[in-house]
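# Structural characterization, general
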Amino acid sequence: MGESLIMKRASKVSYRGTRILIISLSLVFLFCAKEKSERPTFGLVVHGGAGTILRKNMTPEREKNYRLALTQALSAGYGILEGGGSSLDAVETVVRMLEDSPLFNAGKGAVFTDQGTNELDASIMDGSTLNAGAVAAVKHIKNPVSLARLVMEKSPHVLMVGEGAEAFAREQGIELVPRDYFYTEKRWKQWQGSKKKKSDKPSSSMLHVTSPPVGTVGATALDKNGNLAAATSTGGLTNKKFGRVGDSPLIGAGTYADNGSCAVSGTGHGEYFMRFLVAYDISSLMTYRGLSLNEAVETVIMQKLTQQGGSGGVIAIDRKGNVSMKFNTEGMYRGFMVENQDAVVKIYKE
């Protein structure tokens, strides 16, 4: 009789414990499911340059064209991610599309140097391996970002420049385009205006003989496997000379990606981005100080860069799908698209 009572009590305790365990596991499951549903598992951010971009100077048609170009690029990149594609494929595709558009200062729409030529720079970085590739001062490459990826994947190097980079392109089967491919009336007139300003007000300072850098393009992405990537492409500064190269092809300055922190692409006055290693600085603040993505971007762009007199902005995405797009200029062509949300495209300060 006593043994039977003990067995019954033990059975009740076991039943009670099982119920508690089931309830606990259910709560954990619901919490995780809720967290997963509220947090995007993949996403994409894009920019088309920062600078003096004012609503009063923008015609409705021109604004429509910029918004359309950014939206189309976002949709293409997002489609890759949604289908399980890699973040590297997404950022390369997005940047190629923007390089093909005459609206931006990259690829087809590149600005002119003081010699009346076009010299292009680009870089790409894989956050899962920290591998990177870049090209600078190329004159016959239709899509510099794709050549940068080949440098990363088909060579032991990170950066190739000028004629050497173009020789490598030929080895890889990339068709070179004639220089007049990059001619656009808009950029030609900008160059003529910049030359006139220079002759009217001579100066030995590069900061005074070049026009504001507007139109550099870039993309950052997080794929379904949790891998981050970033890419940036530019035509540099209008009327640049002396073989000037900016931050866009320099890993850590204009481009950076690390699965442990974030992916960043910058746009602005490259000399400042190079001096402060803007892209890497943002990643480092997250890694070593535990700052959130937004806190790190705020610290570097709105405080450090601004206090030192630099102008520009960045787009960034972290390993959790958080997005940041900050700039200290009048505007920045930008947009993002994350899982289960519509594309967002902006131009002005908001």
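Residues numbered from 1 in each chain as written. Predicted model: local features only at pLDDT ≥ 70, side-chain atom pairs only at ≥ 80, totals over all residues. Heavy atoms only, no water.

## With respect to the sheet that holds strand β12 (residues 344-348)
Keep this limit in mind: Two strands pair under a simple rule: DSSP has to find at least two bridges between them. The helix and strand labels rest on DSSP assignments: H or I over at least four residues marks a helix, E over at least two residues marks a strand, and numbering proceeds from the N terminus. Between N-to-C directions, angles cover 0 to 180 degrees, with each direction set by a line fitted to C-alpha atoms, over the stretch in contact for helices. In what follows, a contact means two residues having at least one pair of non-hydrogen atoms within 4.5 Å.
Strand order in the open sheet formed by 8 strands is β4-β3-β2-β6-β5-β1-β11-β12, with mixed pairing between adjacent strands. Of all strands in the sheet, those with a lone pairing partner are β4 (159-161) and β12, marking the two edges. Sheet twist, expressed as the mean angle between neighbouring strand axes with direction ignored, is 10 degrees. Lying over the sheet, helix α3 (residues 87-99) contacts β1 (43-51), β2 (120-126), β5 (217-222) and β6 (228-234), oriented at roughly 160 degrees with respect to β5.

## What to know about helix α5 (residues 162-171)
We count it as follows: Using a 1.4 Å probe on the protein chains alone, a residue whose accessible area is under 20% of its type maximum counts as buried, one over 50% counts as exposed, and one in between counts as partly exposed. As used here, the arc belongs to the directions running from the helix axis to the C-beta atoms.
All of the buried residues in α5 are Gly162, Ala165, Glu166, Phe168 and Ala169. The arc that holds the buried residues of α5, viewed along the axis, is 155 degrees, so those residues lie on one side. For α5, exposure combined with an orientation more than 90 degrees from the buried face picks out Glu163, Arg170 and Glu171. On the buried face of α5, the contacting elements are β3 (131-138), α4 (144-154) and β4. Where α5 terminates, the next one or two residues include Gly173, which has phi positive at roughly 80 degrees.

## What about the packing of helix α2 (residues 60-82) against α3?
Under the convention used in this document: Convention used here: angles under 35 degrees read as roughly parallel, angles over 145 as roughly antiparallel, angles from 65 to 115 as roughly perpendicular, and any remaining angle as oblique. Put simply, a crossing is left-handed when the front helix is turned counterclockwise from the back one by less than a right angle, and right-handed when it is turned clockwise. Each residue receives one of three labels: charged for Asp, Glu, Lys and Arg, nonpolar for Ala, Val, Leu, Ile, Met, Phe, Trp, Tyr, Cys and Pro, and polar for the others, Gly being one of them.
Contact pair α2 / α3: the axes reach a minimum separation of 8 Å and the direction vectors enclose 160 degrees. Judged by the angle between their axes, α2 and α3 are roughly antiparallel. Handedness of the crossing formed by α2 with α3: right-handed. Where α2 approaches α3, its residues Ala69, Gln72, Ala73, Ala76, Gly77, Ile80 and Leu81 are matched on the opposing element by Ser87, Asp89, Ala90, Thr93, Val94, Met97 and Leu98. When the residues that make up the contact of α2 with α3 are grouped by side-chain class, the tally is 9 nonpolar, 4 polar and 1 charged.

## Considerations on the sheet that holds strand β7 (residues 255-257)
Spatially, the 4 strands line up as an open sheet ordered β7-β8-β9-β10, and their pairing is antiparallel. Every interior strand has two partners, whereas the edge strands, β7 and β10 (323-327), have only one. Put simply, the sheet's adjacent strands are angled 10 degrees from each other on average, direction ignored. Of the strands in this sheet, β7, β8 (262-268) and β9 (312-318) touch helix α9 (residues 278-289), which is tilted by about 145 degrees from β8.

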